[in-house]
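Here are the chains, one letter per residue:
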Amino acid sequence: MEALDRVVKPKTKRAKRFLEKREPKLTENTKNAILIKGGNANLTVTETLKDIYALKKPFAVLYKKKNITRPFEDQTSLEFFSKKSDCSLFLFGSHNKKRPNNLIIGRMFDYHVLDMIELGIEKFVSLKDIKNSKCPEGTKPMLIFAGDTFDLNEEYRRLKSLLIDFFRGPTVPTIRLAGLEYVLHFTAMDGKIYMRSYKVLLKKSGCKIPRIELEEMGPSLDLVMRRTHLASEDLYKLSLKQPKALKPKKKKNISHDVFGTSYGRIHMQKQDLSKLQTRKMKGLKKRPAAKMTEEDEGISPKKSKSVL
Amino acid sequence: MAALCVEELLARAEQREAEPHRSVAVQKELELEFDLGNLLALDRNPPRAAGAQRESRLRSLARDNTQLLVAQLWGLPAGRAEGATGPLVAQLPEPFYRLPREKPLPRPRPPTRWEQFARLKGIRRRKRTSLVWDEAAKQWRRRWGYARAGGDPARDWLIEVPAGADPNEDQFAKRLRDKREKVARNEFNRLRNIARGALPGRGLHPTGHQSRAELGRATQVARVSTASLGRFQPRLPKEPAAPPPRGGKKRRFEPLLGDLAAERSRQLELLRGLGSKKPPLDLTRAVNKQLREEDAQAAAGKGKKRGQRGKRGRQRPGGGKGPAGGKGKKGGARRQQQRPAGRKRS
């Protein structure tokens, strides 16, 4: 519903702007994330949430208080938080004997839970444990996913999509090449997912492309997949639907070759080729003498035909 | 002095040569997939970083992949932002990897009563100037609002009693009452427009937590969405039996031996209608209906033509075909409309 279509219309311009920011649009805002601590959150989980908050600033909200909920049983409180703070991604950390160092990463569609994946943290190295310089806050990271499991297994595929959604940051039209400072590398191997963050150093090389050296910077996590709550196929397809207005307009009558040549098509009316205006070459012009001989030649075969 | 400098230079040159030639080439079995709009690279090669030196192997894998991604990014068309001395920026393409949206697509809202009427009549919105010349104050004033052009009507110290009105009536109170009524009517119409805006299938996508009524409606719609319109859908053990098919206007059949009195009255009505001299078709109503529809079509055609002209500017080759096509359409429509009138007669 538009801001003007509500039963209670906003009384101030500020309220109207607030509502317009939250309503569904053609090109959406950057997704925000809420980072919540569960009832029993230990140091590892808290530190993880704080580090990921540092990575995702300013598109994240870190809740300071503990919230005693179980996302896999009851999703209403998560949905309430998402609606209040207009966030569509969430990260819920908790700890108990059965599921130690538990992290639930999820996303919402229309303020209802779309996908939720529970991950267990096996090893965690925090930002402050690695003592070197960090990159500035709000940098757009480069994302790399290694391992064929990310394509073969359905759950891993959704996890990949979730992680891209989570860490991608705002969509920009141009990027400063010297500002590519930071890369998040996810490897799926032996049933575990290794997440490493490195700071990128661009060194001189022989050619235009710089040589890359990596320096371990940020939080590194060893994760193992536990439970999942994935959306049904049709709901997922519905959420993937893009508006038609955003599709690039196809230019008619232009086609492209495999080799990159572009072909155009021109539609012409029927032309009388005998009356075509071509270049005049004086040498080929019919002279009166030549015309006469041609006429004779032209007529005689006809005559011979009629006789035969 | 000079010898020292030369020695330094030679030492530095030797150092530079001794450094290994840093290459940017990376060998991979399978090519990586890139989505540069998201700064994303997908590596399908099975990683070989198991064992003791996992960290260093992971780091070298990451380095190789990052090198390939950066090589792709450096291949993008680049320019200099903010003039010739600004930082080097690359133009990123649109993100290719499809990610789910955060909210559903915005739905177009149905037109209000006024909008429908305006479309029918062909009324278009006139752009009004924001300032109006005020003769009394000899300056440009707002059309409405704080210091408006005609003076605030609520602050009048004198209201003339209009010709046909009761002299003892309080005109100030009347003005206040009229204004309140206008505001209330406007609000009522606005709420009515919002209420009418509920389209039949609007809330039926699966969102998870739906109320009982919504779920019931969704099951009903799902039942009827089969090829045989839900006639052969099995019912659950405790579900109530299907209601008798109401059918449309044309598929509604009365039972054979039903209400005898109703049948008798119906037959008598028919005989009376046949016997009366009055024609069954009300000519004036039919003609008015026809005129209204022609009006609507003319308005739609005018609007479209004007829109096309505005879009194309000077070009008129399409415009030449426009009115001819419109005429053909109108003629056809008229012919179509005459047919139902014929059917009514028989």
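Remember, it's a predicted structure, so these values are computed and weren't measured experimentally.

Here we take up the overall build of chain A. Of the regular secondary structure elements, chain A holds seven helices and 13 strands. Out of the 308 residues in chain A, the part that is buried amounts to 42%. Once local pairs closer than 6 in sequence are excluded, the contacts in chain A between residues at least 24 apart make up 66%. Carbon and sulfur atoms make up 55% of the accessible area of chain A, which amounts to about 18900 Å² in all.

A word on the interface of chain B and chain A. With 58 residues of chain B at the contact, the number on the chain A side is 84 residues. Across the chain B to chain A interface the summed buried area is about 6600 Å²; carbon plus sulfur atoms make up 60%. Broken down residue by residue, the surface that chain B buries against chain A is led by Trp-74, Arg-101 and Glu-102 of chain B, which jointly contribute 13%. The closest approach of N and O atoms between Asp-86 of chain A and Lys-103 of chain B, which form a salt bridge, is 3.0 Å.

Residue and element names in this part refer to chain B. Taken as a whole and judged by the stated rule, the model has 34 salt bridges over all chains. Note that Glu-169 is salt-bridged to Arg-177, the shortest N-O span being 3.9 Å. Here Glu-169 falls in the partly exposed class, since its relative accessible area comes to 29%. Linking Arg-190 and Glu-187 is a salt bridge whose minimum nitrogen-to-oxygen distance equals 3.0 Å. Taken as a pair, Arg-190 and Glu-187 lie in helix H4 (residues 171-196) at a separation of three residues, close to a single helical turn. Since its relative accessible area comes to 35%, Glu-187 is described here as partly exposed.

Residue and element names in this part refer to chain B. A contiguous patch of positive charge on the surface is contributed by Arg-125, Arg-126, Lys-127, Arg-128 and Arg-143. Mapping Arg-128 onto the fold places it in the loop between helix H3 (113-121) and strand E5 (131-134). A residue is classified by how much of its surface remains accessible, and Arg-128, at 55% relative accessible area, is exposed.

The next subject is the sheet that holds strand E3 (residues 78-80) of chain B. Spatial ordering of the open sheet is given by E7(A)-E4(B)-E3(B), a layout of three strands whose pairing is antiparallel. At either end of the open sheet lies a strand with only one pairing partner, and these are strand E7 (174-176) of chain A together with E3 of chain B. Adjacent strand axes in the sheet meet at a mean angle of 35° when their direction is disregarded. As defined by bridge partners, E7 of chain A adjoins strand E4 (residues 88-91) of chain B across three bridges and the pair is classed as antiparallel. Following the sheet pairing, Arg-176 of chain A is matched in E4 of chain B by Val-89 of chain B.

All names here are of chain A. As enumerated under the stated definition, the model contains nine aromatic pairs over all chains in all. Their ring planes at 90° and their centres at 5.2 Å tell us that Phe-145 and Phe-150 sit as a pair that is edge-to-face. Each member of the pair, Phe-145 as well as Phe-150, is classed as buried. Ring centres 4.9 Å apart and planes at 10° place the aromatic pair Phe-145 and Phe-186 in the stacked group. Here Phe-145, found in strand E6 (residues 142-146), pairs with Phe-186, found in strand E8 (residues 182-189); they are 41 residues apart in sequence, far enough to count as distant. Taken together, Phe-145, Phe-150, Tyr-156, Phe-166, Phe-167 and Phe-186 form an aromatic cluster joined through their ring pairs. Geometry around Phe-166 places Lys-56 over its ring, the cationic atom sitting 5.4 Å from the centre. Over the ring of Tyr-236 we find Arg-158, and its NZ or CZ is 3.8 Å from the ring centre.

To continue, consider the confidence of the model for chain B. All names here are of chain B. When pLDDT is averaged along chain B, the result is 79, and 80% of the positions lie at 70 or above. Per-residue pLDDT, averaged within each element of chain B, yields its smallest value for helix H8 (residues 317-345) (43) and its largest for strand E2 (residues 40-43) (92). Here residues 199-203 is a poorly scored stretch, pLDDT under 50, and it has six contacts once near neighbours within four places are set aside; other chains count. Per-residue pLDDT stays below 50 along residues 313-346; that stretch engages in 13 contacts with residues further than four places along the chain or on separate chains.

A word on the environment of Ile-164 of chain A. As for its placement among the helices and strands, Ile-164 of chain A is situated in helix H5 (residues 154-167). Among the residues examined, Ile-164 of chain A registers a relative accessible area of 0% and is labelled buried. Once the C-alpha coordinates of Ile-164 of chain A and Phe-145 of chain A are considered, the two residues, 19 residues apart in sequence, prove to be 9.5 Å apart. With sequence-adjacent residues up to four places away left out, Ile-164 of chain A is seen in contact with Leu-143 and Phe-145 of chain A together with Leu-40, Tyr-97 and Leu-99 of chain B.

Turning our attention to the nonpolar core. Within the largest apolar cluster, 40 residues are counted, with the highest numbers of intra-cluster contacts made by Ile-105, Phe-145, Phe-166, Phe-167 and Phe-186 of chain A. In terms of residue count, the dominant contributor to this core is H5 of chain A (seven residues). Listed in part, the 25 residues of the second largest apolar core include Leu-177, Val-200 and Leu-214 of chain A together with Val-70 of chain B.

Below, the discussion takes up the environment of Val-89 of chain B. Along the chain, the position of Val-89 of chain B falls in strand E4. As a C-alpha pair, Val-89 of chain B and Pro-77 of chain B span twelve residues in sequence and 8.7 Å in three-dimensional space. Apart from the residues lying within four places of it in its own chain, the contact partners of Val-89 of chain B are Thr-174, Ile-175 and Arg-176 of chain A together with Pro-77, Ala-78, Gly-79 and Ala-81 of chain B.

All names here are of chain A. Burial within strand E1 (residues 33-37) is extensive, with five of its five residues counted as buried. What you see with E1 is no split at all: Ala-33, Leu-35 and Lys-37 on one side and Ile-34 and Ile-36 on the other are buried throughout. Of the strand pairs in this sheet, E1 and strand E2 (residues 60-66) are connected by four bridges, and their pairing is parallel. Counterpart to Leu-35 in the pairing with E2 is Leu-62. Of the pairings in the sheet, the one linking E1 to strand E3 (residues 89-94) comprises five bridges and is parallel in character. Looking at E3, one finds that Lys-37 is bridged to Gly-93.

Analysis parameters
Residues numbered from 1 in each chain as written. Chains lettered and ligands numbered in written order. Predicted model: local features only at pLDDT ≥ 70, side-chain atom pairs only at ≥ 80, totals over all residues. Heavy atoms only, no water. Helix = DSSP H or I, 4+ residues; strand = E, 2+ residues; numbered from the N terminus. Buried < 20%, exposed > 50% of the residue type's maximum accessible area, 1.4 Å probe, protein only. Contact = heavy atoms within 4.5 Å. Areas by Shrake-Rupley, 256 points an atom, 1.4 Å probe, with all protein chains shown as cover. Buried area = accessible area lost by both parts, 1.4 Å probe. Salt bridge = Lys/Arg side-chain N within 4 Å of Asp/Glu carboxyl O. Patch = residues over 30% accessible without salt bridge, like charges linked within 9 Å, V, L, I, M, F, W, Y side chains within 5 Å. Lys, Arg positive; Asp, Glu negative; His and termini not counted. Charge placed at Lys NZ, Arg CZ, Asp CG, Glu CD. Pairing = 2+ DSSP bridges. Axes fitted to C-alpha atoms, helices over the stretch in contact; angles between N-to-C directions. Phe/Tyr/Trp six-rings, centres within 6.5 Å; stacked < 30°, edge-to-face > 60°. Lys NZ or Arg CZ within 6 Å of the ring centre and 35° of its normal. pLDDT = per-residue confidence, 0-100. Core = buried A, V, L, I, M, F, W, Y, C linked by side-chain atoms within 4.5 Å.

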